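So the chains spell out like this:
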Amino acid sequence: MDIKEITLDESNSLTQALEMLDKSGTGLLFVTNSDNQLTGILTDGDVRRALLKKATLESTVDKAMNRNFVSLAANTESSIILSQINKKVKIIPLVDENNKLVDYASISKIRTIPIAAPSLNGNELAYVTECIKTNWISSQGKYVRKFEELFTNYHSNRKALAVSNGTVALHLALEALGIGDGDEVIVPNLTFAASVNSILYTGAIPVLAEVDTNTWNIDVKKAEQLITKRTKAIMAVHLFGNPCNMDDIMELSSKHGLKVIEDCAEALGSYYHRRPVGVFGDAATFSFYGNKIITTGEGGMVLFKKDEVAERAAMLRDHGMQKTKKYWHLEVGYNYRLTNIQAAIGVAQFERLEEFVAAKRKVARSYNEVLSNNPYFQTPVELDGMINTYWLYTFMVRSTAPFKRDDMMHYLNQQGVETRPVFYPMHTMPPYQSFGNAEELVISQQLSSSGISLPSSVNLTEIQLAHICKAIITFLDRYK
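Summarised in this report is the structure supplied together with it. The written sequence of each chain sets the order in which its residues are numbered from 1. Where local features are concerned, this predicted model is filtered to residues with pLDDT of at least 70; where side-chain atom pairs are given and counted, the filter is 80 or more; whole-chain, interface and lining totals use all residues. As a rule here, side-chain values cover all heavy atoms of the structure and leave hydrogens and water aside.

## Concerning the sheet that holds strand β16 (residues 377-378)
Pairing is antiparallel across the open sheet formed by four strands, whose spatial order is β16-β18-β20-β19. Of all the strands in the sheet, just β16 and β19 (420-421) have a single pairing partner and so form its edges. At least two bridges found by DSSP between two strands is the condition for calling them paired. A run of H or I in DSSP becomes a helix once it reaches four residues, and a run of E becomes a strand once it reaches two; helices and strands are each numbered from the N terminus. Bridge count between strand β18 (residues 393-397) and strand β20 (residues 451-454): four bridges; the pairing is antiparallel. What sits directly across from Met-396, in β20, is Gly-451. Lying over the sheet, helix α12 (residues 353-371) contacts β16, β18 and β20, oriented at roughly 15° with respect to β18. Contacts are assigned to residue pairs with any non-hydrogen atoms lying within 4.5 Å of each other. With axes taken as lines fitted to C-alpha atoms, and helix axes fitted only over the stretch in contact, angles between N-to-C directions fall between 0 and 180 degrees.

Encoded structure:
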């Protein structure tokens, strides 16, 4: 609901307030003064108590409103906002530095337009209900097998294993491929920490490589310069849904005898030369966290090129137990299984994959129309032969712009538009500083400090999209 529909001036009458409460159905209104500063909140109960104290329906709202309420700054972290929402406080007004009302949060949304939100109005409820009715709720059940089959069929018959999240998918892939103590794995410096953490879990050493200024993916030529006699693998991260140059990566792999792991956490549905990402390397991994292309809440998938590697991974996924001899453990394994309930959600989500990808690409086209012809921005690329799913539409603010990245993010946040900065470069954070040379990682640092991700939900409405684009244009008008 638009914030204007539940906001009224303190000079309005109680009659007007009751009409708004009846129309909105929220049970609560925000009260502002003539400067749009938040001065109180008003509930049905506040109106009732005022009338009992001899107020009339023509009395002004300021005579009945509650001045003791919870509000938060509009730039408050989402986790903090959620911690303040409870049975008593169900809606929290969000204000700017001048106490002007700019947005509100509730249990169903943190911002008017969140950075990402799942669409769960397909067969999710029906499939989950079936799991519950049949008592198949853990990792044994038909939906786990169905989910894996869908991935196998979509990805050129590569063996698929469902796992509990995207991070363990990476770890399982590396372990199954024999990556271990002392081995080196080349990984892009601009990625989410899971890519690097999974390497460290195996006892191997991550080697941070610079990224390309155009695609923001690993720079293959610079990666080759990092190869030593201990290098065993290279991890290709398809950042934000944009496919890596897999021809060059596979050529590098062949030349130096390296394993290739594709981190497709953000790229399900992306294509490289008419083939889906995930079918090029020795293994590929996917994430189904709540903000991903499809979601199971938490969950992941691993694809393998060779059946014997997939069989070992399946054994490791299930505590290292031998498949043909129950409770006989061949190796120290893990409990990385996905539940049938989660897989049921995944199956329902996968049924709509093409719809989701089309929706994200439509959102990207709208943003490109506003941003791509502006000299202040570097927009995401889609090179010939590639299909970018634009998991999160991300662009860079050039150093020549008359404003900073954070200025734009702050303004959009004040308009109810949640934004997100690009990942910190791995080499700048305490656990990973020894794995890269800062002097050789300047590009990823520049991209990180200038990047903005815009709302990219598959269920963004035309009205919301228009609001975001208008907010961007209004911000830019300041600098004409």
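From this point on, the discussion continues.
## Points about the pattern of salt bridges
What makes a salt bridge here is a side-chain nitrogen of Lys or Arg within 4 Å of a carboxyl oxygen of Asp or Glu, nothing more. Taken as a whole and assessed by the stated rule, the structure comprises 14 salt bridges. Between Glu-382 and Arg-361 there is a salt bridge; the shortest N-O distance is 2.5 Å. Highlighted residues: Glu-382 in the loop between β16 and β17 (386-387) and Arg-361 in helix α12, separated in sequence by 21 residues. Whether a residue is buried, partly exposed or exposed follows from its accessible area with a 1.4 Å probe, protein chains only, as a fraction of its type maximum: under 20%, in between, or over 50%, in that order. Judged by relative accessible area, Glu-382 falls into the partly exposed class, the value being 32%. Residue classification places Arg-361 among the partly exposed positions, given a relative accessible area of 22%.

## A few points about the environment of Thr-428
Along the chain, Thr-428 falls in the loop between β19 and α14 (442-450). Sequence separation between Thr-428 and Asn-189 is 239 residues; the distance between their C-alpha atoms is 9.5 Å. Apart from residues lying up to four places away in sequence, Thr-428 is in contact with Gln-433 and Gln-445.

## Quick notes on the packing of aromatic side chains
Working definition: an aromatic ring pair is given by the centre-to-centre distance plus the angle between the planes. Note on ring pairs: Phe, Tyr and Trp rings are taken, using the six-membered ring of Trp, and paired if centres are within 6.5 Å. Classes follow the plane angle, with under 30 degrees stacked, over 60 edge-to-face and the rest tilted. Under the defined criterion, the tally for this structure stands at 25 aromatic pairs. Ring geometry for Phe-403 versus Tyr-479: centroids 5.0 Å apart, planes at 45°, classification tilted. Highlighted residues: Phe-403 in the loop between β18 and α13 (405-414) and Tyr-479 in the segment after α15 (462-477), separated in sequence by 76 residues. Residue Phe-403 is classed as buried on the basis of its relative accessible area, which comes to 4%. Through successive ring pairs, a cluster of aromatic residues spans Tyr-367, Tyr-376, Phe-377, Tyr-390, Tyr-393, Phe-395, Phe-403, Tyr-411, Phe-475 and Tyr-479. The ring of Trp-328 has Lys-325 lying over it, and the distance from NZ or CZ to the ring centre is 4.0 Å. Ring-over charges, as used throughout, are those where CZ of Arg or NZ of Lys falls within 6 Å of the ring centre and within 35 degrees of the ring normal.

## Concerning the pairing of strand β9 (residues 205-209)
A large share of β9 lies buried, amounting to four of its five residues. Relative to β9, strand β8 (residues 184-188) runs parallel, the two being bridged by five bridges. Each residue of the ladder has a partner; that of Glu-184, found in β9, is Ile-205. The crossover handedness rule: strands pointing away from the viewer, path from first strand over the helix to second strand clockwise, crossover right-handed. Between the parallel elements β8 and β9, the chain passes through helix α7 (residues 193-201) in a crossover that is right-handed.

## Some thoughts on the pairing of β18
With five of five residues buried, β18 is to be regarded as a mostly interior element. Of the two faces of β18, both are covered, the one formed by Tyr-393, Phe-395 and Val-397 as well as the one formed by Thr-394 and Met-396. Sheet topology note: the β16/β18 ladder contains two bridges and is antiparallel. Residue pairing in the sheet places Gln-378 in a bridge with Met-396 of β18.

## As for a nonpolar patch on the surface
Patch building starts from residues that exceed 30% relative accessible area and form no salt bridge, then joins like charges within 9 Å and nonpolar side chains (Val, Leu, Ile, Met, Phe, Trp, Tyr) within 5 Å. Note on areas: these come from Shrake-Rupley sampling with a 1.4 Å probe, and a residue is covered only by the protein chains present in the view. On the surface, Leu-18, Leu-51 and Leu-57 cluster together to form a nonpolar patch covering roughly 210 Å² of accessible area. Mapped onto the elements of the fold, Leu-57 is located in the loop between α2 (44-52) and β4 (72-73).

## So, the sheet that holds strand β5 (residues 91-95)
Where strands meet in a sheet, backbone hydrogen bonds hold them as pairs that are either parallel or antiparallel. Strand order in the open sheet formed by three strands is β4-β5-β6, with mixed pairing between adjacent strands. Strand pairing shows two members of the sheet lacking a second neighbour, β4 and β6 (101-106), which therefore form its edges.

## What about the packing of α13 against α15?
At a closest axis distance of 10 Å, the pairing of α13 and α15 adopts a crossing angle of 130°. Comparing the axis directions of α13 and α15 gives the class oblique. Crossing of α13 over α15 shows right-handed handedness. In contact with Asp-407, Met-408, Tyr-411 and Leu-412 of α13, α15 contributes Ala-471, Ile-472, Thr-474 and Phe-475. By the convention adopted, Pro, Cys, Tyr, Trp, Phe, Met, Ile, Leu, Val and Ala count as nonpolar, Lys, Arg, Asp and Glu as charged, and the other residues, Gly among them, as polar. When grouped by side-chain class, the residues that make up the contact of α13 with α15 number six nonpolar, one polar and one charged. Small angles under 35 degrees read as roughly parallel and large ones over 145 as roughly antiparallel, with 65 to 115 read as roughly perpendicular and the rest as oblique. In a left-handed crossing the near helix is turned counterclockwise from the far helix by less than a right angle, and in a right-handed crossing that turn is clockwise.

## Structural notes on the nonpolar core
The set of buried Ala, Val, Leu, Ile, Met, Phe, Trp, Tyr and Cys residues whose side-chain atoms join them within 4.5 Å is what this entry labels a nonpolar core. Among the nonpolar cores identified, the biggest contains 82 residues, and Phe-147, Phe-151, Phe-240, Phe-286, Ile-294, Met-301 and Phe-304 are the most heavily contacted of them. With seven residues, helix α6 (residues 166-176) is the single largest residue contributor to this core. Beyond its immediate sequence surroundings of up to four residues, Phe-147 is in contact with Phe-288, Ile-294, Thr-296, Met-301, Leu-338, Ala-343, Gly-346, Val-347 and Phe-350. Among the nonpolar cores identified, the runner-up in size contains 29 residues, and Leu-371, Tyr-376, Val-397 and Leu-465 belong to it.

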